[in-house]
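Observations on the three-dimensional arrangement
One-letter residues, chain by chain:
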Amino acid sequence: AVYESHSGNIVETLTDLLEEAESQLAAAREKATQDLNAFEMMEQGLEDEIKFGKKEMGEAKSASAAASEKKAAADGDLEMTSKALATDTTGLADLHHECM
């Protein structure tokens, strides 16, 4: 009886499995690289949005503070004008009363 080696089929099968595993590993690494790049782009976009949002919020706060300051000044002017009007109205009434 002649011994027939079947190890050739086993080696071929293992080689095929190794090639398939290497192919899957390469595909997985490529996918991981693409996912990492997509994440980094999204992260950069969000960081930019936050940076610009903070800048706009700072500008809005500055504008609000300036508007509040102007309003306070206008309120002071209005109070002084109202007092002057009341004084003038009283003076006019007194003058009108004296002329009659």
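Anyway, here's the lowdown on the structure attached to this text. (Residues numbered from 1 in each chain as written. Predicted model: local features only at pLDDT ≥ 70, side-chain atom pairs only at ≥ 80, totals over all residues. Heavy atoms only, no water.)

**With respect to the pattern of salt bridges**
Under the criterion given, the structure shown has three salt bridges. For Lys-31, the salt bridge identified is with Asp-35, shortest N-O distance 2.9 Å. Taken together, the positions of Lys-31 and Asp-35, both in helix H1 (residues 7–99) and four residues apart, correspond to about one turn of that helix. A salt bridge links Asp-75 to Lys-71, with the shortest nitrogen-to-oxygen separation between them at 2.9 Å. Of this pair, Asp-75 and Lys-71 both sit in helix H1, four residues apart, which is roughly one turn of that helix. The class of Asp-75 is partly exposed, set by a relative accessible area of 38%. We classify Lys-71 as exposed; its relative accessible area is 53%. (Salt bridge = Lys/Arg side-chain N within 4 Å of Asp/Glu carboxyl O. Helix = DSSP H or I, 4+ residues; strand = E, 2+ residues; numbered from the N terminus. Buried < 20%, exposed > 50% of the residue type's maximum accessible area, 1.4 Å probe, protein only.)

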